[in-house]
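Here is how the chains run, residue by residue.
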Amino acid sequence: MPYIREIIQDGHPTLRKVAKKVDPKEIADPLFQQLIDDMFETMYAAPGVGLAAPQVNVSKRLFVMDIQDDESEAAVVINPKIELAEEEIEMTEGCLSVVGYVGEITRFNHVAVSGLDRNGNKIRLEGHGLFAQCLQHEIDHLNGVLYVDRAKNLRKAETEEEQAIADAAQAQAY
Ligand code: GNR
Ligand code: NI
């Protein structure tokens, strides 16, 4: 059964490491499959729209994502690689590892990412807006980067709009 793992917070050294590539042979391992299930469980419970393995203290290159719109489905990407990045824009962002804050960051509005799915098959995801923002945010986590490193006007979420962004990145009450 999947369980909710603890999301580590900014200041924890694992968030600053460059995560290790996953050996494709490891993907079929039941413990690895359990990790994926637990990451989904943890992301939905938070609630969040994405979660990278380092946030649950596992320094491996994978993330899960579900922005819950009509055009995209929940996805897990292992060993992601950005194949295309276009149209820089400023976006407001939050993070489950930096609870209650938001800030503005320059991101690409259109990206494509390749990688492996949970069966070890090659996949490619492409999208705009929040979907593209989330892909970049999760890949940053795999490189030890947090949005607060580059954010402008980092602040406590106060307006309704800011809280909606930060709430999608709220800490569970442990
Ligand atoms: O839940 C999340 N919401 C969010 C909002 C704006 C930009 C990025 C994100 S990702 C975040 C979940 C998280 O911290 N993933 O690493
Ligand atoms: Ni994050």
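Each remark here, short or long, concerns the structure printed above.
As a further point, take the environment of Glu41. When you line up the elements, Glu41 lands in helix α1 (residues 30-45). With a relative accessible area of 35%, Glu41 lands in the partly exposed category. Through-space distance from the C-alpha of Glu41 to that of Asp10 is 21 Å; in sequence the pair is 31 residues apart. Excluding anything up to four places from it in sequence, Glu41 contacts Pro2, Tyr3 and Ile4.

Inspection of the region around ligand 1 gives 15 residues, with Gln55, Leu96, Glu138, His141 and Ala168 positioned closest. Between ligand 1 and Leu96, the relevant distance is 2.8 Å, taken from an oxygen atom to a main-chain nitrogen or oxygen of the residue. Within the contact set of ligand 1, an oxygen atom lies 3.1 Å away from a side-chain nitrogen or oxygen of His137. Taken by itself ligand 1 offers 380 Å² of open surface, and the protein chains cover 97% of this.

For the rest of this paragraph, the subject is helix α2 (residues 129-142). Over its 14 residues, α2 extends 21 Å from the first C-alpha to the last, a length consistent with the 20 Å expected when each residue adds 1.5 Å. The element α2 is largely enclosed, with a buried count of 13 among its 14 residues. Positive backbone phi, at 75 degrees, marks Gly144, one or two positions downstream of α2.

About the criteria used
- Residues numbered from 1 in each chain as written.
- Chains lettered and ligands numbered in written order.
- Predicted model: local features only at pLDDT ≥ 70, side-chain atom pairs only at ≥ 80, totals over all residues.
- Heavy atoms only, no water.
- Helix = DSSP H or I, 4+ residues; strand = E, 2+ residues; numbered from the N terminus.
- Buried < 20%, exposed > 50% of the residue type's maximum accessible area, 1.4 Å probe, protein only.
- Contact = heavy atoms within 4.5 Å.
- Near = heavy atom within 4 Å.
- Polar contact = N/O pair within 3.5 Å; in protein donor to acceptor, adjacent residues only side chain to side chain.
- Areas by Shrake-Rupley, 256 points an atom, 1.4 Å probe, with all protein chains shown as cover.
- Expected span 1.5 Å × (residues − 1).

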